[in-house]
Amino acid sequence: IMLSSGNHAHKLSTIAWAGMPGFKVIRISNDLDHGSPSLSTRIRRSLKFRRVTARADALVLNSKAFEDHPILARHIASGKAVVIPNGVDIETVQK
């Protein structure tokens, strides 16, 4: 099992596991766009995550907020992605 759990390392881990046997899991915990105002940066990140998520065997998403993301919504619908909340009560943290 190969687990990638940091958005900045997903591309590197995907390259590292290319051609290797085993089950590849990616945990996505941050906004894929990172709030980038630059159109070119958003396009580049979108292409990167399309490639990375397509090559993974399973995706673990830490928030229901990802259910609306265009790249991730189709993986949820297909059963490839599952939401496992972090377990942090947002209201408590925001106080």
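A brief look at the structure comes next. (Residues numbered from 1 in each chain as written. Predicted model: local features only at pLDDT ≥ 70, side-chain atom pairs only at ≥ 80, totals over all residues. Heavy atoms only, no water.)

Let's talk about the environment of Ser 63
Counting through the fold element by element, Ser 63 comes out in the loop between β3 (58-61) and α3 (70-78). For the pair Ser 63 and Pro 85, spaced 22 residues apart in sequence, the C-alpha separation works out to 5.0 Å. (Helix = DSSP H or I, 4+ residues; strand = E, 2+ residues; numbered from the N terminus.)

Comments concerning a positive patch on the surface
A cluster of basic side chains, namely Lys 11, Arg 44, Arg 51 and Arg 55, defines a positive patch on the protein surface. Within the fold, Arg 44 resides in helix α2 (residues 39-55). (Patch = residues over 30% accessible without salt bridge, like charges linked within 9 Å, V, L, I, M, F, W, Y side chains within 5 Å. Areas by Shrake-Rupley, 256 points an atom, 1.4 Å probe, with all protein chains shown as cover. Salt bridge = Lys/Arg side-chain N within 4 Å of Asp/Glu carboxyl O. Lys, Arg positive; Asp, Glu negative; His and termini not counted. Charge placed at Lys NZ, Arg CZ, Asp CG, Glu CD.)

Regarding the pattern of salt bridges
Going through the model one piece at a time under the given rule, you end up with 1 salt bridge. When the shortest N-O distance is used, the salt bridge between Lys 64 and Glu 67 registers 3.7 Å. The class for Lys 64 is exposed, based on a relative accessible area of 55%. (Buried < 20%, exposed > 50% of the residue type's maximum accessible area, 1.4 Å probe, protein only.)

A short note on helix α1 (residues 10-17)
For the α-helix, the turn length of 3.6 residues means that residues three or four positions removed from each other point alike. His 10, Ser 13, Thr 14 and Trp 17 are the residues of α1 that are buried. Mapping the buried residues of α1 onto a view down its axis gives an arc of 105°, with all of them on the same face. In α1, the exposed residues that point more than 90 degrees away from the buried face are Leu 12 and Ile 15. Immediately downstream of α1, the backbone of Gly 19 shows phi near 80°, a positive value. (Arc of directions from axis to C-beta.)

Description of the pairing of strand β2 (residues 24-28)
In terms of residue burial, β2 counts as a mostly covered element, since 4 of its 5 residues are buried. Both β2 and β3 contribute to a ladder of 4 bridges, which runs parallel. Note that in β3 the partner of Ile 26 across the bridge is Leu 59. (Pairing = 2+ DSSP bridges.)

Thoughts on the packing of α2 against α3
Running from N to C, α2 and α3 cross one another at 20°; their axes reach a closest spacing of 10 Å. Between α2 and α3, the angle is such that the two are roughly parallel. The element α2 and its partner α3 pack so that their crossing is right-handed. Listed contacts from α3 to Ser 46, Phe 49, Arg 50 and Thr 53 of α2 are Ile 71, Leu 72, Arg 74 and His 75. Within the contact of α2 with α3, the residues separate by chemical class into 3 nonpolar, 3 polar and 2 charged. (Axes fitted to C-alpha atoms, helices over the stretch in contact; angles between N-to-C directions. Parallel < 35°, antiparallel > 145°, perpendicular 65-115°, else oblique. Left-handed = near helix turned anticlockwise from the far one by under 90°. Contact = heavy atoms within 4.5 Å. Nonpolar A, V, L, I, M, F, W, Y, C, P; charged D, E, K, R; others polar.)

Section: the nonpolar core
Core analysis: the largest hydrophobic core is formed by 13 residues, its most contacted members being Ile 26, Ile 28, Leu 32, Leu 59, Leu 61, Phe 66 and Leu 72. Looking at this core, the elements that each hand over two or more residues are β2, α2, β3 and α3. (Core = buried A, V, L, I, M, F, W, Y, C linked by side-chain atoms within 4.5 Å.)

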